[in-house]
Amino acid sequence: MRTALTDLTGVRHPIVQTGMGWVAGPRLVSAAANAGALGVLASATMTPDRLRQAVREVKARTQAPFGVNLRADAGDAGERVRIIVDEGVRVASFALAPPGS
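Here's what I pulled together on the structure shown here.

About the thresholds
- Residues numbered from 1 in each chain as written.
- Predicted model: local features only at pLDDT ≥ 70, side-chain atom pairs only at ≥ 80, totals over all residues.
- Heavy atoms only, no water.
- Pairing = 2+ DSSP bridges.
- Helix = DSSP H or I, 4+ residues; strand = E, 2+ residues; numbered from the N terminus.
- Contact = heavy atoms within 4.5 Å.
- Axes fitted to C-alpha atoms, helices over the stretch in contact; angles between N-to-C directions.
- Salt bridge = Lys/Arg side-chain N within 4 Å of Asp/Glu carboxyl O.
- Buried < 20%, exposed > 50% of the residue type's maximum accessible area, 1.4 Å probe, protein only.
- Polar contact = N/O pair within 3.5 Å; in protein donor to acceptor, adjacent residues only side chain to side chain.

Considering the sheet that holds strand S4 (residues 91–95)
With parallel pairing, the 4 strands of this open sheet are ordered in space as S1-S2-S3-S4. Each edge of the sheet is formed by a strand with only one pairing partner; in this case those strands are strand S1 (16–17) and S4. In this structure, strand S3 (residues 66–71) lies alongside S4, joined through 5 bridges in parallel fashion. Each residue of the ladder has a partner; that of Gly67, found in S4, is Val91. Across the sheet, helix H2 (residues 26–34) is in contact with S1, strand S2 (38–42) and S3; its angle to S2 comes to roughly 165°.

Some thoughts on the pattern of salt bridges
Throughout the structure, instances matching the rule amount to 9 salt bridges. Across the pair Glu57 and Arg50 runs a salt bridge whose closest N-O atoms are separated by 4.0 Å. Judged by its relative accessible area of 27%, Glu57 falls in the partly exposed class. Classification of Arg50 as partly exposed rests on a relative accessible area of 28%. Where Asp73 meets Arg71, a salt bridge forms, and the shortest distance between an N and an O atom there is 2.8 Å. By relative accessible area, Arg71 is classed as partly exposed at 35%.

Here we look at the environment of Ser43
With respect to the helices and strands, Ser43 occurs in the loop between S2 and helix H3 (48–61). With a relative accessible area of 1%, Ser43 lands in the buried category. A C-alpha to C-alpha distance of 18 Å links Ser43 and Ala60, two positions 17 residues apart in sequence. In contact with Ser43, not counting residues within four places along its chain, are Leu51, Val68, Asn69, Leu70 and Arg80. For Ser43, the side chain forms a polar contact with the main-chain oxygen of Asn69, separated by 2.7 Å.

See below:
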């Protein structure tokens with residue numbers, strides 16, 4: 001099924017496995033991605049170093065597109081965005097708004 005989501009993200013199916021803290025780790029995200037859905041890694045429960053490690057683990061498990069969920073109100077949100085950009089993650093989703101917005 002071709003939809004705006006599949007066209008935009010490059011996934012086969014218009015299904016999103018959302019970032020759920022403590023649950024959406026590399027194993028679930030890569031399984032969802034390998035099944036053709038958009039797997040989304042939950043980063044709020046990770047340190048920045050663990051986020052980089054988790055992204056690399058997902059990339060080692062799948063060649064399919066996946067994303068990372070970030071808390072825009074986190075004090076280190078900029079560092080986390082830099083990590084996903086540096087690692088070539090093409091999809092980001094955000095929980096909450098940045099402070100002052």
